[in-house]
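# Architecture at a glance
Listed below, chain by chain, are the residues.
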Amino acid sequence: MKLIPKNKFIQKCRTHNDHAIIISGGPNIDYAELKDTLNKYPKAITMCVKHAYPGLIANDIKPDTCILLDPRSIEGESTHGVKRKDLLKDLDEDTKFLVASMTDPSVTNYLMEKKANIWGWHAFTESLRDPEEQKKGIQNNVVTLNKDLGLPEGTTLITGGTCAAMRALGIMHTMGFRFFELFGYDSSVEEPTEEQKKETTGAEDENPRPKYFKVGVGDNFYWTTGELLAMAQDCERTFNDPPMEMNLNLFGEDTLVTALWNVSPKKPTFKETFDG
């Protein structure tokens, strides 16, 4: 919070009719289809996660914003096994980087060294709540923040899921968007090699678990990981009962999230309700 000016944190905005195009880090991105969508909505704002950023630049697509939710050092590897520095190596000067206040300062300092255009936002988590409130529970739908954290009164908090791609929905909704075009929301990977199937994950004091495993939707099965499955579950909840007013359009074929999208209950339109 000390690295980002106070007047450069995201605030709530009025609703409007512009489209938000959000690109997650799944490999199943049809860049030609993405460019067609950009041409269809020339006023749209594009937001991507850091894993999608290099691919967009390589395909001559310059995202307006890139969202970061990185509580770990810039020196380490991402959840996808890629060095974080490599993902942010070549930055376009017009990209605004939306850095969560819970991000490790090494990430913000790295962006500052590269003269990036940095903006801040606050991700709501249970750890922000006042310790006494955490014991009692939320009263009357009012959240009391821990004063020791130094968050200003009236701070805009972004809710959402477990990863940057889901918080991107929250940010854009807070900034007034209601129409969303989603790319790269896969939550599944190609079948891992036999060696990869032997990889495990989990804390040292836990029993090791396979890093890659299969999950089914209907008659179809998809390879995924724990982190990707958590995102898929966030997507499933959003598709089944959107917590906020949203008009979602999902792109991609034969992925775990696409499968969940296809089996989600479709709400009737206004016209269908009264003409049916």
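Residues numbered from 1 in each chain as written. Predicted model: local features only at pLDDT ≥ 70, side-chain atom pairs only at ≥ 80, totals over all residues. Heavy atoms only, no water.

Below, the discussion takes up the nonpolar core. Counting residues in hydrophobic clusters, the biggest one holds 64 residues, and the most contacted among them are Ile23, Phe97, Trp121, Leu169, Phe180 and Tyr185. Broken down by element, this core gets its largest block of residues, 7 residues, from helix 6 (residues 164–174). (Core = buried A, V, L, I, M, F, W, Y, C linked by side-chain atoms within 4.5 Å. Buried < 20%, exposed > 50% of the residue type's maximum accessible area, 1.4 Å probe, protein only. Helix = DSSP H or I, 4+ residues; strand = E, 2+ residues; numbered from the N terminus.)

Glancing now at unusual backbone geometry. Positive phi, close to 65°, is recorded for Ser187, a residue that is not glycine. Tracing the backbone shows Ser187 in the loop between strand 7 (179–183) and strand 8 (200–201). A residue is classified by how much of its surface remains accessible, and Ser187, at 3% relative accessible area, is buried. Positioned with a positive phi, Asp254 is a non-glycine residue whose angle comes to about 55°. Relative to the helices and strands, Asp254 is located in the loop between strand 12 (247–250) and helix 8 (256–263).

Further remarks concern helix 8. In terms of residue burial, helix 8 counts as a mostly covered element, since 6 of its 8 residues are buried. If you follow the buried residues of helix 8, they end up packed against strand 10 (213–217), strand 11 (220–224), helix 7 (226–240) and strand 12. (Contact = heavy atoms within 4.5 Å.)

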